[in-house]
Amino acid sequence: HAKDGLMIIAVEAGEPKDLVQKYADQFKMPFPVWLDPDRKSLAAFRNSGLPNSYVIDRSGRVRLAWTGEINRETLEKYVTPLLKGN
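Residues numbered from 1 in each chain as written. Predicted model: local features only at pLDDT ≥ 70, side-chain atom pairs only at ≥ 80, totals over all residues. Heavy atoms only, no water.

## Let's talk about the overall build of the protein
- Within the protein, the secondary structure is distributed over three helices and four strands.
- Starting at the N terminus and walking to the C terminus, you meet the elements of the protein as β-α-β-α-β-β-α.
- Along the first, second and third principal axes, the C-alpha atoms of the protein reach 40 × 30 × 20 Å.
- Here the protein holds 86 residues, and 15% of them are scored as buried.
- Restricting the contact set of the protein to residue pairs at least 6 apart, pairs at least 24 apart contribute 27%.
- About 7000 Å² of surface is accessible on the protein, with carbon and sulfur atoms providing 54% of the total. (Helix = DSSP H or I, 4+ residues; strand = E, 2+ residues; numbered from the N terminus. Buried < 20%, exposed > 50% of the residue type's maximum accessible area, 1.4 Å probe, protein only. Contact = heavy atoms within 4.5 Å. Areas by Shrake-Rupley, 256 points an atom, 1.4 Å probe, with all protein chains shown as cover.)

## Remarks on the side chain of Asn52
- Topologically, Asn52 is positioned in strand E3 (residues 52-56).
- With near-sequence residues (within four places) excluded, Asn52 lies in contact with Leu42, Asn47, Trp66 and Thr67.

## Here's the deal with the confidence of the model for the protein
- Confidence in the prediction of the protein, expressed as mean pLDDT, is 88, and 99% of residues score 70 or more.
- Mean pLDDT across the elements of the protein bottoms out in helix H2 (residues 40-44) (87) and peaks in helix H1 (residues 17-26) (95). (pLDDT = per-residue confidence, 0-100.)

## Topic: the side chain of Asp36
- Relative to the elements of secondary structure, Asp36 occurs in strand E2 (residues 33-36).
- For the buried residue Asp36, which engages in no salt bridge, the nearest side chain bearing the opposite charge is Lys40, 6.9 Å off.
- Among the polar contacts listed, one links the side chain of Asp36 to the side chain of Ser41, at a separation of 2.6 Å.
- Contacts of Asp36, omitting those with residues within four sequence positions, involve Val11, Glu12, Ala13, Gly14, Ser41 and Leu42. (Lys, Arg positive; Asp, Glu negative; His and termini not counted. Salt bridge = Lys/Arg side-chain N within 4 Å of Asp/Glu carboxyl O. Polar contact = N/O pair within 3.5 Å; in protein donor to acceptor, adjacent residues only side chain to side chain.)

## Examining helix H3 (residues 72-83)
- Two to three positions downstream of the cap, the backbone nitrogen of Glu73 sits 3.2 Å from a side-chain oxygen, assigning the N-cap of H3 to Asn71.
- One or two steps after H3, the chain reaches Gly85, where phi turns positive at roughly 85°.

## A closer look at the pairing of strand E4 (residues 62-67)
- In this sheet, E4 lies alongside E3 in antiparallel orientation, the contact comprising five bridges. Residue pairing in the sheet places Ile56 in a bridge with Val62 of E4.
- Taking the residues that link successive antiparallel strands as the turn, the E3-E4 hairpin has five residues, and the phi of Gly60 there is positive, at about 90°. (Pairing = 2+ DSSP bridges.)

## Examining the pattern of salt bridges
- This model, assessed by the stated rule, comprises three salt bridges.
- Asp4 is the salt-bridge partner of Lys3, the closest N and O atoms lying 3.7 Å from each other.
- Members of the salt-bridge network, linked through shared partners, are Lys3, Asp4 and Lys84.

See below:
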């Protein structure tokens, strides 16, 4: 959905760069992975459980949030309508 303005960014909170790079390469992650060695993102979102997923709109508002693993079906069900303006 890149043509619709969707951008996926992973944030790794705490792991070193070499381990993160190895993981990203192993799973052929097609999106950027940002490093957060001080785990500030966890504090910013007030969530210590991992993994977390957030849908943030262009104005910076959190529209959806999940704790735990998320799959493509869930993203299609909940995120696609937001992209279409529903």
